[in-house]
Amino acid sequence: MASVSTVCVIHFDEEDGRVARFTEHAYQRVVECREIWKTLDGKQREVAENTGSLDDWQDSAVGYHRGCYSKFTNKTLIDRAIARCEKARLRSTDDLSLSDKEKMNTSG
Ligand SMILES: [Zn+2]
């Protein structure tokens, strides 16, 4: 049998090179960030939603590119995305309350 090739499970298109196997630490970090990204937006969210088989990481040939790992677990990127989503949420709440008022006016 040929040697098992390791697949990057948190892959971003532009990254390339050797795929590292997960360590316990890297795995925990990816799982943690995956849950956060699922509530945010951007490319990382798509990647987070495509990491289905992560649960068998110890048995299967899954791993990560260094570049992909740092994009996925970068605290600055996460904080920025949180701030961006928060702003978007606030703005849509404003819109809602505005249209609520309008509704009240027209129905009253
Ligand atoms: Zn990758």
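Once a new chain begins, its residue numbering starts again from 1 and follows that chain's sequence as written. Reporting of local features is limited, given that this is a predicted model, to residues whose pLDDT is at least 70; pairs of side-chain atoms are given and counted only at 80 or more, and all residues count toward the totals for whole chains, interfaces and linings.

Asker: Mind laying out the overall build of the protein chain, listing which residues take part and the relevant values?
Answerer: Runs of E in the DSSP output that reach at least two residues are strands. Runs of H or I that reach at least four are helices, and both are numbered from the N terminus. In terms of helices and strands, the protein chain carries four helices and three strands. Secondary structure elements of the protein chain, listed N to C terminal, follow the sequence β-β-α-α-β-α-α. Once C-beta atoms are placed from the backbone, each residue is buried if 20 or more other C-beta atoms lie within 10 Å of its own, exposed if 12 or fewer, and partly exposed for counts between those two. Within the protein chain, the proportion of its 108 residues that are buried is 18%.

Asker: Can you break down helix α1 (residues 24–37) residue by residue, with the values?
Answerer: Under the convention used throughout, the expected extent of a helix is 1.5 Å for every residue step, that is, one less than its residue count. Its 14 residues place the ends of α1 20 Å apart at the C-alpha level, agreeing with the 20 Å of an ideal helix rising 1.5 Å per residue. Along α1, the positions that sit buried rather than exposed are Val30, Cys33, Arg34 and Trp37. For α1, the angular spread of the buried residues around the axis is 110 degrees, confining them to a single face. Turned more than 90 degrees off the buried face of α1, the exposed positions are Glu24, His25, Gln28, Glu32 and Glu35. This arc corresponds to the set of directions leading from the helix axis out to the C-beta atoms.

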